[in-house]
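Residues per chain are reported as follows:
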Amino acid sequence: DTQIGRFRHGLSALVSLFFQGCILFVLVLVALMISWKSTVIAGLVGGVALMVSRRQRIRAILLGQRIGPLYRNIDRAIFEGVSGLRLSKVLGSSRSEIAAFNRVIFQSREVQFEYLRESSRSGALRQFFGAATLVIIVLSAELIGDFNTSTLLPMIYIVIRVGSTLDHAQACWQDVLHATPAITEINSRLAELDAVAERGPASNLTPVELMRELRLEKVTVEFEGRGGAALQDISLRFPARTTTAIMGESGAGKSTLADVVTGLVLPDAGTVFVDGKPLSDDLRHAWRRSVAYVEQDAIMRTGSIRQNLISTDPPPSVPQMHEALADAAAGFVLALPDGLDTQMGDNAVQLSGGERQRIALARALLRKPTMLILDEATNALDPGNEAAIQAALGKLRGRMTIMIITHGTSMHDQIDRIVQLEAGRVVSARLLAGEPQDEATPG
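Procedures and definitions
- Residues numbered from 1 in each chain as written.
- Predicted model: local features only at pLDDT ≥ 70, side-chain atom pairs only at ≥ 80, totals over all residues.
- Heavy atoms only, no water.
- Helix = DSSP H or I, 4+ residues; strand = E, 2+ residues; numbered from the N terminus.
- Buried < 20%, exposed > 50% of the residue type's maximum accessible area, 1.4 Å probe, protein only.
- Areas by Shrake-Rupley, 256 points an atom, 1.4 Å probe, with all protein chains shown as cover.
- Core = buried A, V, L, I, M, F, W, Y, C linked by side-chain atoms within 4.5 Å.
- Contact = heavy atoms within 4.5 Å.
- Salt bridge = Lys/Arg side-chain N within 4 Å of Asp/Glu carboxyl O.
- Pairing = 2+ DSSP bridges.
- Axes fitted to C-alpha atoms, helices over the stretch in contact; angles between N-to-C directions.
- Lys, Arg positive; Asp, Glu negative; His and termini not counted.
- Polar contact = N/O pair within 3.5 Å; in protein donor to acceptor, adjacent residues only side chain to side chain.
- Parallel < 35°, antiparallel > 145°, perpendicular 65-115°, else oblique.
- Left-handed = near helix turned anticlockwise from the far one by under 90°.
- Nonpolar A, V, L, I, M, F, W, Y, C, P; charged D, E, K, R; others polar.
- Arc of directions from axis to C-beta.

Our next topic: the overall build of the chain. Counting its regular elements, the chain contains 13 helices and 12 strands. Each of the 443 residues in the chain was classed as buried or not, and the buried ones make up 42%. Total accessible area computed for the chain in this model is approximately 23900 Å², and 59% of it derives from carbon and sulfur atoms.

Within the largest apolar cluster, 37 residues are counted, with the highest numbers of intra-cluster contacts made by Ile305, Leu309, Ile359, Leu365 and Leu372. Looking at this core, the element that brings in the most residues is helix H12 (residues 353–365), giving six residues. The contact partners of Leu309, leaving out residues within four places of it in the chain, are Met321, Leu325, Leu340, Ile359, Ala362, Arg363 and Leu366. Ranked by size, the runner-up nonpolar core spans 33 residues in total, among them Leu214, Val419, Val426 and Ala429.

Our focus in this paragraph is the pattern of salt bridges. In total, this model carries six salt bridges according to the counting rule given. Across the pair Arg215 and Glu217 runs a salt bridge whose closest N-O atoms are separated by 2.5 Å. What makes Arg215 partly exposed here is its relative accessible area of 22%. Residue classification places Glu217 among the partly exposed positions, given a relative accessible area of 37%. Asp341 is the partner of Arg306 in a salt bridge, and the nearest nitrogen-oxygen pair spans 3.1 Å.

Pairing geometry for strand S3 (residues 243–247) and strand S11 (residues 417–422), over four bridges, is parallel. Paired with Ile246 across the two strands is Val419, which belongs to S11. Of the strand pairs in this sheet, S11 and strand S12 (residues 425–431) are connected by six bridges, and their pairing is antiparallel. Of the residues in S12, the one forming a bridge with Ile418 is Arg430.

Of the residues making up helix H8 (residues 281–288), those classed as buried are Leu283, Arg284, His285, Ala286 and Trp287. At its buried positions, H8 is contacted by strand S1 (213–221), helix H7 (254–262), strand S4 (269–274), strand S5 (277–278), strand S6 (291–294) and strand S9 (371–375).

Along the chain, Ala364 falls in helix H12. Relative accessible area serves as the criterion here: at 5%, Ala364 is assigned to the buried category. Taking the C-alpha atoms as reference, Ala364 lies 8.3 Å from Ser311; in sequence the two are 53 residues apart. Filtering out sequence-adjacent residues up to four positions away, Ala364 remains in contact with Ala292, Val294, Pro369 and Leu372.

Right, let's talk about the sheet that holds strand S2 (residues 231–239) for a bit. Here four strands make up an open sheet; going across it, the order is S2-S1-S4-S5 and the pairing antiparallel. The open sheet has two edge strands with one neighbour each: S2 and S5. Bridge count for S4 against S5 is two bridges, and the pairing is antiparallel. Residue pairing across strands places Phe273 opposite Pro278, the latter belonging to S5. Across the sheet, H7 lies against S1, S2 and S4, angled at about 125 degrees from S1, the strand it touches most.

Pairing is mixed across the open sheet formed by six strands, whose spatial order is S6-S9-S10-S3-S11-S12. Looking at strand neighbours, the two that pair on one side only are S6 and S12, the edges of this open sheet. Going from strand to strand, the sheet's axes swing by 15 degrees on average, the running direction of each strand aside.

Tracing the backbone through its elements, the reader meets Arg358 in helix H12. Despite its burial, Arg358 pairs with no opposite charge; the closest candidate is Glu355, at 5.5 Å N-O. For Arg358, the side chain forms a polar contact with the main-chain oxygen of Ala329, separated by 2.7 Å.

Packing of H12 against helix H13 (residues 383–396) brings their axes to within 9 Å, and their N-to-C directions diverge by 20 degrees. One finds that H12 runs roughly parallel with respect to H13. The two elements H12 and H13 cross, and the hand of that crossing is right-handed. For the pair formed by H12 and H13, the contact residues are Gly354, Glu355, Gln357, Arg358, Leu361 and Leu365 on the first element and Asn385, Ala388, Ile389, Ala392 and Leu396 on the second. The residue inventory of the contact of H12 with H13, partitioned by class, reads six nonpolar, three polar and two charged.

Let us now look at helix H10 (residues 318–327). Inspection of H10 places Met321, Ala324, Leu325 and Asp327 among the buried residues, and these make up the whole buried set. Seen along its axis, H10 keeps its buried residues to an arc of 160 degrees; they face one direction. At the C-terminal side of H10, Ala329 shows a positive phi close to 55 degrees.

So, in structure tokens, the structure goes:
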């Protein structure tokens, strides 16, 4: 927001600079018509003033470059402070965190004050050269014999107007220079987003029904800056309408595997097949409309439960919402005083993490997915909510292909097979009964 604010301020200054340039152009034309000699003299003095003020313009750019990282530090401190508020209170570290935040604010304030001081110096310098221009014009007019009231008084008026216009233009120009680093950074961020933006159709696609299997063949995924591959030579099969638990420690590659399965991440090597068809760009977009994803921290928008359940176009009907809530063991929503119109978010009903998770599962089921992925969706839940979600998954078993990502599992009654990942590799893939599994080959 701070960088956008600087960009907006710089854009406003640029527009103002354009208008000041137009006014300056008209004033110079009038001055040339009155006395070209005095106009040339005034122009020479103005050129000297621009050369002398070059230092202030350079300082404006440097200060603009310094303020950008400080604004990012402020944003980071606010985000970390709000998200970690509970932990800081428990640990009693509120004072030290407030002190650290104040240091960041003080550093940015110092740079802003320095910029204001430079602006004040630049303004004083412009005032000095404006007065010097008037004196030089009067003296030169007398020396060259062009000293008469009919030309001198209009020239003095024009010089005063030109000085005021130049003063405003110089201030606008320094604001533009100060905002230039923010503009550069915003353009850089936009270029980064454009570089990773998906190309291809994203709507009006027919969802894909998984009839036989989803298969990964020698899939490898690498991320820049990571010591090793996130996934290394993974070969797995997910037969249709079966439930697979993907297990492993943090960093084993479980979430990356889910991103590959959903088509969010393209393998650096290997291929993903849906019913024998490679997951190409066109198929990938259609496939993604067929996959539902429930993450560990269910994200809910501020609004009603009804609004949070709507994620499809056309929106689901009320009976469809009731059915999805029942399938997700979230029937408690209908027992709330306002039912589907119960408000969520700030200043609204407070739902537990498990209740939000069950609503998120209902939202996913409203997509009528052919494949459902739960990424640590039952971790850190109380036993009651975990049991409710497990019961819901038991009812969904056999109706769709389900992938459950977890550190460990107690859902033996809801799963058909277990795949163990370690350091991006499949170390075991077996049926729940313990026999080796033909459908999944360790990579």
